[in-house]
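An overview of the molecular structure
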Protein chains: 2
Amino acid sequence: MRPRVYLAGPDVFLPTALVRAAALKGVCAGHGLHGVSPLDALDGEPASWAGLTEARAIALRNEAHMAGCAALIANLTPFRGPSADAGTVFEVGFMRALGRPVFGWSNSAEGFTERTRGFLGAAATRGADGAWVDGEGLLVEAFGLADNLMIEGAILASGGALFTAAVADGARWVELAAFERCVAAAARTLAG
Amino acid sequence: MRPRVYLAGPDVFLPTALVRAAALKGVCAGHGLHGVSPLDALDGEPASWAGLTEARAIALRNEAHMAGCAALIANLTPFRGPSADAGTVFEVGFMRALGRPVFGWSNSAEGFTERTRGFLGAAATRGADGAWVDGEGLLVEAFGLADNLMIEGAILASGGALFTAAVADGARWVELAAFERCVAAAARTLAG
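Now for a quick tour of the structure. (Residues numbered from 1 in each chain as written. Chains lettered and ligands numbered in written order. Predicted model: local features only at pLDDT ≥ 70, side-chain atom pairs only at ≥ 80, totals over all residues. Heavy atoms only, no water.)

Let's talk about helix 4 (residues 112-120) of chain B
All names here are of chain B. Taken together, the buried positions of helix 4 are occupied by Phe112, Thr113, Arg115, Thr116 and Leu120. Down the axis of helix 4, the smallest arc covering the buried residues is 165 degrees, so these residues share one side. In the stretch just after helix 4, Gly121 is the one whose phi turns positive, near 60 degrees. (Buried < 20%, exposed > 50% of the residue type's maximum accessible area, 1.4 Å probe, protein only. Helix = DSSP H or I, 4+ residues; strand = E, 2+ residues; numbered from the N terminus. Arc of directions from axis to C-beta.)

What follows is the structure in structure tokens.
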């Protein structure tokens, strides 16, 4: 049986979400992995969930999908702000707490500090100690990482890895080179 | 011994982070809880962590703090985008996977859909089916929630609760009314 890997990411918000999920799963299959999409039906889903709101049922289903996977591969491409999609980051934390390897990929090669400064624009200023702060005085993280330190810290501590790629503006939700490297690394880890 | 609760939030980025942490802990103490700040030293921290980068040591320390707490209280006030701070969202997912109650509070009472549309501005348009999409065609979540569905779904499924308050623009990182309601609810849950 091929190891199951949960494919977290805002890809579910694409107009072509099902086609996209099939593409991601195809890459996984090429590396001997079974990709699980958040859009997949859940085997043995409790009948009682039919009484929940759609949002709550999706949340429980995604949690159950993760619990049934050996690893997580997260699309950490920045989403509506300097950081990754909130749902995806939640899932990184969830899988990390389960003690399973978390892999990340991003179609932004820019550092988190630079990306946050770009997002803040003129609101970003240097404090007296030289550190960058936003318009409300809150510090800009400056550890030379790809996103908030909890994310990269978890990925490395879990035995996973992070891959980034600089892609053309229109290719952020298309290009899969970083994803493929991520899948290959996950396959090696899960086979080892 | 007072139950320990982990105080997640971007409050750690405030210029007055230590004063802020003391204020949050004071509210917790008033409700019989021991508030644990991400800035706290970790009892028994492994000596080997001294060899890690500061970012990795902070990430492991926060994970250990969470593992030692009975519940999590997250400041979900929107941070540099329509969603909560990425580190905080990671921690919500982490504590949810540990099966412990997660509570959230936010100094924004605006819904996630409206907040995201406001963030996107003119880039937000209605697709053929009437749903809002961003400038790259990705769907805007529209479930009537306060943030991404994984966050609110986890809070409710964990036995926690979410409190929001509309506050004046300059009071986003000051006002603690929603936090106090959250702490009171956590205290009741942990006493029950």
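After that view of the structure, there is still more to cover.
Notes on the side chain of Arg115(A)
Residue and element names in this part refer to chain A. For Arg115, the location among the structural elements is in helix 4 (residues 112-120). Despite its burial, Arg115 remains without a salt bridge, the nearest opposite charge being carried by Asp147 at 4.2 Å. In this structure Arg115 touches Pro78, Pro82, Ser108, Glu110, Ala146 and Asp147, once residues within four positions along its chain are discounted. (Lys, Arg positive; Asp, Glu negative; His and termini not counted. Salt bridge = Lys/Arg side-chain N within 4 Å of Asp/Glu carboxyl O. Contact = heavy atoms within 4.5 Å.)

With respect to the packing of helix 1 (residues 17-30) of chain A against helix 6 (residues 177-191) of chain A
Residue and element names in this part refer to chain A. Orientation of helix 1 relative to helix 6, taken along the N-to-C sense of each, is 40 degrees, at an axis distance of 9 Å. The angle between the axes of helix 1 and helix 6 places the two elements in the oblique class. Crossing geometry of helix 1 relative to helix 6 is assigned as right-handed. Contacts between helix 1 and helix 6 involve Leu24, Val27 and Cys28 from the first element and Phe179, Glu180 and Val183 from the second. (Axes fitted to C-alpha atoms, helices over the stretch in contact; angles between N-to-C directions. Parallel < 35°, antiparallel > 145°, perpendicular 65-115°, else oblique. Left-handed = near helix turned anticlockwise from the far one by under 90°.)

Quick notes on the pattern of salt bridges
All names here are of chain A. In this structure the tally under the stated criterion is twelve salt bridges over all chains. Here Asp11 makes a salt bridge to Arg20, at a shortest N to O gap of 2.7 Å. Among the salt bridges present, the one from Lys25 reaches Asp40, with a minimum N-O distance of 2.7 Å. Residue Lys25 is found in helix 1, and its partner Asp40 is found in the loop between strand 2 (34-36) and helix 2 (54-67); the two are separated by 15 residues along the sequence. Among the residues examined, Asp40 registers a relative accessible area of 18% and is labelled buried.

Examining the layout of surface pockets
Of the voids in this model, the largest pocket is the one considered here, and its volume is about 640 Å³. In terms of lining, the largest pocket is formed by 31 residues, of which the most central are Val12(A), Phe13(A), Leu39(A), Ile58(A) and Leu139(B). Breaking the lining of the largest pocket down by element, the ones donating at least two residues are helix 2 and helix 3 (86-97) of chain A together with strand 6 (132-133) and helix 5 (149-157) of chain B. Of the residues forming the lining of the largest pocket, the biggest block, four residues, is contributed by helix 2 of chain A. Of the residues in the lining of the largest pocket, the class split is 19 nonpolar, six polar and six charged. (1 Å grid on protein atoms, 1.4 Å probe; cavity = no way out; pocket = protein on both sides within 12 Å on 5 of 7 lines; lining within 4 Å. Points joined across faces, edges and corners; volume = space filled by probe spheres on them. Nonpolar A, V, L, I, M, F, W, Y, C, P; charged D, E, K, R; others polar.)

Topic: the relation of the copies chain A and chain B
With an RMSD of 0.0 Å, the operation that places chain A on chain B is a rotation of 180 degrees combined with a shift of 0.0 Å along the axis. With respect to symmetry, the two chain copies, as superposed, fit the operation of a two-fold axis. When the interface residues of chain A are mapped onto chain B, 100% of them again lie at the interface, so the same face is used by both copies. (Least-squares fit on C-alpha atoms with pLDDT ≥ 70 in both.)

Let's talk about the pairing of strand 3 (residues 71-75) of chain B
Residues and elements named next belong to chain B. Across the five residues of strand 3, five count as buried, placing the element largely inside the fold. The two faces of strand 3 match: Ala71, Ile73 and Asn75 on one face and Leu72 and Ala74 on the other face are all buried. Judged from the four bridges that link them, strand 1 (residues 4-8) and strand 3 form a sheet pairing that is parallel. What sits directly across from Ala8, in strand 3, is Ala74. Summarising the sheet, strand 3 and strand 4 (residues 102-106) pair through four bridges and their orientation is parallel. Bridging across to strand 4, Ala74 finds its partner in Gly104. Of the crossover connections in this fold, the one passing from strand 3 over helix 3 (residues 86-97) to the parallel strand 4 is right-handed. (Pairing = 2+ DSSP bridges. Right-handed = clockwise from strand over helix to strand, strands pointing away.)

Quick word on the nonpolar core
In terms of nonpolar packing, the biggest core is built from 52 residues, with Leu72(A) and Leu72(B) touching the most fellow members. In this structure, Leu72(A) is in contact with Tyr6(A), Ala8(A), Met66(A), Glu91(A), Val92(A), Met95(A), Pro101(A), Val102(A) and Phe103(A), ignoring residues within four places of it in sequence. In terms of nonpolar packing, the next biggest core, distinct from the first, is built from 21 residues, Cys28(A), Ala178(A), Val183(A) and Ala185(A) among them. (Core = buried A, V, L, I, M, F, W, Y, C linked by side-chain atoms within 4.5 Å.)

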